[in-house]
Amino acid sequence: GVYGPVLAIESSCDETACAILSPDGTCLAQRVVSQDGHADFGGVVPEIAARAHLALLPGLVQATLHDAGLTAEQIGFVAASTGPGLIGGLIVGAGFGKGLALALGKPFVAVNHVEAHALTARLPGLVAGGAPFPYLLLLVSGGHCQCIAVEGVGQYRKLGGTIDDAAGEAFDKVAKMLGLGWPGGPELEKLAQEGDPKAIPLPRPLLGRAGCDFSFSGLKTALSQKLAPYGHTALPRQFAADLAASFQQAVADVVADRIEHALNMMPEAQLLVCAGGVAANKVLRARLEEVAAAHSLRFAAPPLRLCTDNAVMVGWAALETCQEAAARGLPHPDDSTTRPRPRW
Ligand code: KG4
Ligand code: ZN
């Protein structure tokens with residue numbers, strides 16, 4: 001189980017990222033490029049993303065090595081997200097990582113991107129009091145929306161997930177209906193500050209229903225019906241703000257209810273962790289803190305730069321996987337023959 005620093009790569013969506021962590025989890029350097037070629041299309045275009053990863057990665061990896069003051073030869077092993085995600089980007093990241101590892105004669109470790117989000121809270125020093133297993137993870141981003149019982153490294157139980165849109169996707173679509181830019185979540189939150197969350201009645205899909213699945217498409221449809229009378233004319237500012245606030249409130253109510261159920265399904269949880277871009281939403285965060293407090297649980301949301309897609313989480317998940325293997329007396333993992341798995 002002796003190995004040097006890990007060089008990690010993330011390329012599963014529209015963030016191209018590289019990080020170098022020492023074996024104890026200290027981040028020596030990290031860089032993230034949020035691709036800017038997608039905004040005009042109102043969403044991530046897979047082919048554009050894959051080409052951008054390809055163009056960005058070599059320089060990004062070199063710059064990250066430079067920041068860390070290391071040469072490639074001083075790297076202990078290479079890791080990359082190999083799924084789930086957009087296949088083009090995964091092929092680029094995994095191919096680059098495997099090629100680098102092969103050239104250096106070092107192992108390559110394939111990381112599940114969702115597992116990386118799930119283990120982020122365990123980065124040393126991130127959460128006061130640490131994040132011992134088991135804990136409940138709410139992962140809410142543009143691509144993910146699920147409740148996961150995190151029971152150990154490699155041991156996850158999906159308690160529930162979305163049956164249609166991811167939470168961030170719903171924020172983005174509603175923001176688009178309101179004429180806001182992309183990604184819409186942050187802009188919608190800003191507009192909502194001027195609005196009344198009780199002004200416009202909207203449904204609370206699945207509220208009170210058994211289990212902890214999510215649904216957002218009905219909410220989206222209800223909102224589009226409120227907009228219909230305006231056709232193509234511009235929305236009055238106050239009406240748009242009231243809609244934004246009412247939508248945000250409905251999402252927070254639904255998520256709080258679902259988490260309430262998830263916690264009842266997982267009474268052994270010591271901690272509630274919220275990750276993913278939507279975790280940045282202050283109204284949602286405040287509701288989740290209330291739910292956790294009512295269950296006498298600690299609540300943790302990693303800082304935003306570690307909540308959204310990044311390579312630090314990939315490196316950390318790889319280190320935890322290697323430590324777990326060492327603890328079981330297994331050799332250092334080497335996944336150099338693994339293939340990207342878009343639906344892993
Ligand atoms: O984790 P992330 O950066 O990448 C994906 O996996 O997509 O999450 C991005 C998502 C977008 O849908 C964005 O609109 C949403 O997170 N988001 C927010 C906020 N900030 C980002 N949603 C609601 N409120 C926010 N403040
Ligand atoms: Zn992600």
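These figures come from a predicted structure and were not determined experimentally.

Student: Help me out: how do you make sense of the nonpolar core in this one?
Tutor: Nonpolar side chains in soluble globular proteins generally cluster together in the buried interior. The biggest cluster of nonpolar side chains holds 111 residues, and the ones touching the most others in it are Ala8, Leu136, Ala167 and Val314. Take this core: its biggest share by element is 13 residues, from helix 7 (residues 237–265). Residues from two domains meet in this core; each of domain 1 (6–119 + 306–327) and domain 2 (132–301) gives at least three. When sequence neighbours within four positions are dropped, the list of residues in contact with Val314 reads Ala8, Ile9, Glu10, Ala79, Ala80, Ser81, Val111 and Ala116.

Student: Looking at this model, I keep getting lost on the sheet that holds strand 8 (residues 155–161). Mind explaining?
Tutor: What holds strands together in a sheet is hydrogen bonding between their backbones, with the strands either parallel or antiparallel. Pairing in this open sheet of five strands is mixed, and the strands run 8-7-6-9-10 from one edge to the other. Only two strands of the sheet have a single partner each, and these edge strands are strand 8 and strand 10 (298–300). For this sheet, the mean angle separating the axes of adjacent strands, direction not counted, is 20 degrees.

Student: For this particular structure, what's the right way to read helix 8 (residues 282–294)?
Tutor: Side chains that are three or four residues apart share a direction in an α-helix, a result of its 3.6 residues per turn. Here helix 8 is 13 residues long and its end C-alpha atoms lie 18 Å apart, about the 18 Å a rise of 1.5 Å per residue gives. Those residues of helix 8 lying buried are Leu284, Arg287, Leu288, Val291 and Ala292. Looking down the long axis of helix 8, one finds its buried residues gathered within 140 degrees of arc, a one-sided arrangement. More than 90 degrees from the buried face of helix 8, the exposed residues found are Lys282, Ala286, Glu290, Ala293 and Ala294. Buried residues along helix 8 sit in contact with helix 7, strand 9 (271–275) and strand 10. Looking one or two residues past helix 8, Ser296 carries a phi angle of roughly 55 degrees, positive in sign.

Student: Which parts of the structure should I look at to understand the environment of Leu330?
Tutor: For Leu330, the position within the fold is in the segment after helix 10 (312–327). Leu330 sits 170 residues away from Gly160 along the chain, and the two C-alpha atoms are 32 Å apart.

Student: Got a minute to help me understand the domain arrangement of the chain in this structure?
Tutor: One widely used convention gives an interface's size as the accessible area the parts lose upon coming together. Taken domain by domain, the chain comprises domain 1 (6–119 + 306–327) and domain 2 (132–301). The straight-line distance from the C-alpha centre of domain 1 to that of domain 2 is 28 Å. With 13 residues of domain 1 at the interface, the matching set in domain 2 holds 18 residues. Secondary structure elements with two or more residues in the side of domain 1 that touches domain 2: helix 3 (113–119) and helix 10. Along the lines of polarity and charge, the residues of the side of domain 1 that touches domain 2 split into five nonpolar, five polar and three charged.

Student: Please clarify how the site of ligand 1 should be interpreted in this entry.
Tutor: Taken together, 19 residues surround ligand 1, and among them Ser141, Gly142, Gly168, Gly185 and Gly277 come closest. Residue assignment for the shell around ligand 1 shows that the elements contributing at least two residues are helix 4 (167–177) and helix 5 (184–192). Counting residues per element, the shell around ligand 1 draws most heavily on helix 5, which supplies four residues. Considered class by class, the residues forming the shell around ligand 1 number six nonpolar, ten polar and three charged.

Student: Quick question: what am I supposed to make of the packing of helix 7 against helix 8 here?
Tutor: The description of two packed helices rests on the angle between their axes and on the distance between the axes. At a minimum axis separation of 9 Å, helix 7 and helix 8 run at an interaxial angle of 25 degrees. Regarding the angle of helix 7 to helix 8, the classification is roughly parallel. The chirality of how helix 7 crosses helix 8 is right-handed. Here helix 7 contributes Gln248, Gln249, Val251, Ala252, Val255, Ala256, Ile259 and Glu260 to the contact with helix 8, which in turn contributes Val283, Leu284, Arg287, Leu288 and Val291.

Student: Mind showing me how you'd approach the UniProt feature "binding site: Fe cation" (unreviewed entry) in the chain here?
Tutor: Look at the UniProt record and you will see "binding site: Fe cation" (unreviewed entry) annotated at His113, His117 and Asp309. For the annotated residues, spread through 197 residues, the largest C-alpha to C-alpha distance comes to 8.9 Å, consistent with a single compact locus. Position of His113 among the secondary structure elements: in helix 3. Sequence-distant contacts of His113, defined by excluding residues within four places in its chain, comprise Ser12, Ser81, Gly83, Pro84 and Gly85.

What counts and how
- Residues numbered from 1 in each chain as written.
- Chains lettered and ligands numbered in written order.
- Predicted model: local features only at pLDDT ≥ 70, side-chain atom pairs only at ≥ 80, totals over all residues.
- Core = buried A, V, L, I, M, F, W, Y, C linked by C-beta atoms within 7 Å.
- Buried ≥ 20, exposed ≤ 12 C-beta atoms within 10 Å, placed from the backbone.
- Helix = DSSP H or I, 4+ residues; strand = E, 2+ residues; numbered from the N terminus.
- Domains from an automatic or database assignment.
- Contact = placed C-beta atoms within 7 Å.
- Pairing = 2+ DSSP bridges.
- Axes fitted to C-alpha atoms, helices over the stretch in contact; angles between N-to-C directions.
- Expected span 1.5 Å × (residues − 1).
- Arc of directions from axis to C-beta.
- Nonpolar A, V, L, I, M, F, W, Y, C, P; charged D, E, K, R; others polar.
- Near = placed C-beta within 6 Å.
- Parallel < 35°, antiparallel > 145°, perpendicular 65-115°, else oblique.
- Left-handed = near helix turned anticlockwise from the far one by under 90°.
- UniProt positions renumbered as here; feature names shortened; annotations may be inferred.

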